[in-house]
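Fold and geometry: a report
Here are the chains, one letter per residue:
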2 protein chains.
Amino acid sequence: MNPVSPARPQAKATVDPMSSQAAGTELPPTIQPRPRDAGATKARLLRAATEEFAEHGLAGARVDRIAERAGANKRLIYVYFGDKDRLFDAVVDDQARAVMAAVPLPDGDLAAFAAARFDYVLANPTVRRIAHWRAFERTEPTEDELAGYRIRLEAVAAAQREGRLRADIPAADLFALVMRMTESWLAAPTALWIVADGDPLAPERLAEHRQALLAAVRSVIVG
Amino acid sequence: MNPVSPARPQAKATVDPMSSQAAGTELPPTIQPRPRDAGATKARLLRAATEEFAEHGLAGARVDRIAERAGANKRLIYVYFGDKDRLFDAVVDDQARAVMAAVPLPDGDLAAFAAARFDYVLANPTVRRIAHWRAFERTEPTEDELAGYRIRLEAVAAAQREGRLRADIPAADLFALVMRMTESWLAAPTALWIVADGDPLAPERLAEHRQALLAAVRSVIVG
DNA sequence: ACGATGTAACTATCCAGTTAGATACATCAG
DNA sequence: CTGATGTATCTAACTGGATAGTTACATCGT
């Protein structure tokens, strides 16, 4: 690759920001060298990547920006995660696992599920953005994710058999409908938000929508 | 503009692919020069851009690929549309206008609206992808779009006043819910599709979901 | 002294946007 | 009808800046 570049000595002394007896008056003002902690650094990188990917998507995200946000060196991304794509996968898996854990489907109670999911997505906006970008850029769900959906679908089917949920709609369709409904306000087109005047994200407005959402879900699930 | 370029004679003869008495045996084998038609070229570019942006988003789309898909020269994108961003805007506007025209909300009949929207999105997959990418990358709805939503919202509100739609949910919320429901199957996570076995896009399956969707919408809109 | 952790500088590639034309077609002068 | 001239349409090749990924070291903890 780079056959002609034999060492570059003493370059160090000229730029080392740590050397205390540096020539100038420039005593480095409390640049703590940060205690080394691979786990913490990796976690900071994952967090930074989550924000960056949420904002810009896979293609729009910049590896340099991720390193900067994490206050870590770019190289570490390649050490810990491999490359940009696998970092994205790591972020996606992490987010998917977090939602699955935070929003269960107790006893196939889709109304409770809808409420929990609305609250979670409201509190964690990145989840929705990551999920959507993932759906477009890449596919390949993880085994964890499949298992999560399998459990939820079985819970819905059981509740249908026991008459607690309407049975004239397939379990998957019913679940997909309700899941989608939970995002209807937060994912609504900007134009709709503008036309429906008032701040769409004001706490009272969100509370009002939450009630509307739950009323609608209740209507759907009983038939 | 071009102060130092006085005429440019006979350069032509050296490369003219049309000159029938060209030296070599290389008779250009039916490379039709394509009749010049600015409108058609522009339309081909817009169509190609729509596909490219739908597949890759704004950041992921490649201007060179768009030109190639259109069978046109890259330069023409800059002549006709300005730059990549404005080409994206053109695509978004075009798609938004198309959906607005194709999916009306007659008399605030949300069930009919849901059916029409489901059918349209099914037949035009790019619309959904473009809309989603737009929501993330850029905002700024057009005046046409605002007007479209205003009309639809008023139709819903009117139907609510006349008792044809439930009135305990704000018009905007009800509309957002129904609109979102129409995409629940097509936008469902891959994992859900896999877990609910069978081909999710098979005609019979789609017909089944369509029925489920309409049943659910009917439940929602009456209360 | 050795592996794990960290850093700055570098490179090869890609890609949006530009330059400098070339070709088709219309119109008009002779 | 004929060639000259202007204009809209189209093209290949280039450029400068950005960006993913690498190299060659440095330093810490043990």
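It should be noted that the structure appears before, not after, this text.
Basis of the calculations
Residues numbered from 1 in each chain as written. Chains lettered and ligands numbered in written order. Predicted model: local features only at pLDDT ≥ 70, side-chain atom pairs only at ≥ 80, totals over all residues. Heavy atoms only, no water. Helix = DSSP H or I, 4+ residues; strand = E, 2+ residues; numbered from the N terminus. Buried < 20%, exposed > 50% of the residue type's maximum accessible area, 1.4 Å probe, protein only. Areas by Shrake-Rupley, 256 points an atom, 1.4 Å probe, with all protein chains shown as cover. Phe/Tyr/Trp six-rings, centres within 6.5 Å; stacked < 30°, edge-to-face > 60°. Lys NZ or Arg CZ within 6 Å of the ring centre and 35° of its normal. Contact = heavy atoms within 4.5 Å. Buried area = accessible area lost by both parts, 1.4 Å probe. Salt bridge = Lys/Arg side-chain N within 4 Å of Asp/Glu carboxyl O. Polar contact = N/O pair within 3.5 Å; in protein donor to acceptor, adjacent residues only side chain to side chain. Least-squares fit on C-alpha atoms with pLDDT ≥ 70 in both.

Remarks on the overall build of chain A
Helices and strands together make up the secondary structure of chain A, namely 11 helices and 0 strands. Overall, chain A shows an N-to-C arrangement of helices and strands of α-α-α-α-α-α-α-α-α-α-α. Per-residue burial over chain A gives 45% buried out of 223 residues. As presented, chain A carries roughly 12,200 Å² of accessible surface, and 54% of it is formed by carbon and sulfur atoms.

Description of the packing of aromatic side chains
The geometry of two aromatic rings is summed up by the distance between their centres and the angle between their planes. Residues and elements named next belong to chain A. In total, this model carries 8 aromatic pairs over all chains according to the counting rule given. Pairing Y149 with F175 gives two aromatic rings, centres 6.1 Å apart and planes at 80 degrees, and the pair type is edge-to-face. Within this pair, whereas Y149 is found in helix α8 (residues 143-161), its partner F175 is found in helix α9 (residues 171-181), the two being separated by 26 residues in sequence. Across the pair, F175 and Y149 agree in class, each one buried. An aromatic cluster of at least three residues, connected via ring pairs, comprises F113, Y149 and F175. Taking NZ or CZ as reference, K42 lies 5.5 Å from the ring centre of F81, over its face.

Topic: the interface of chain A and chain B
Across the boundary between the two partners, chain A contributes 46 residues, which contact 46 residues of chain B. Buried area between chain A and chain B, both sides added, is near 4,100 Å², and the carbon and sulfur share of it is 75%. One can count 4 salt bridges joining chain A with chain B. Summed over the shared surface of chain A and chain B, the result is 8 residue pairs in polar contact (both at pLDDT 80 or more). Listing elements by their share of the side of chain A that touches chain B, those giving two or more residues are α2 (38-60), α7 (125-137), α8, α9, α10 (190-195) and α11 (203-222) of chain A. Examining the composition of the side of chain A that touches chain B, we find that 9 residues originate from one element, α11 of chain A, more than from any other.

Some remarks on the relation of the copies chain A and chain B
In this arrangement, two copies of a chain are superimposed by a rotation about an axis accompanied by a shift along the axis. Once chain A is rotated about the relating axis by 180 degrees and shifted along it by 0.0 Å, it coincides with chain B to within an RMSD of 0.1 Å. As the rotation angle and translation indicate, the two copies are arranged about a two-fold axis. Taken as a fraction of all interface residues of chain A, those also at the interface in chain B reach 100%, which identifies the copy contact as same-surface.

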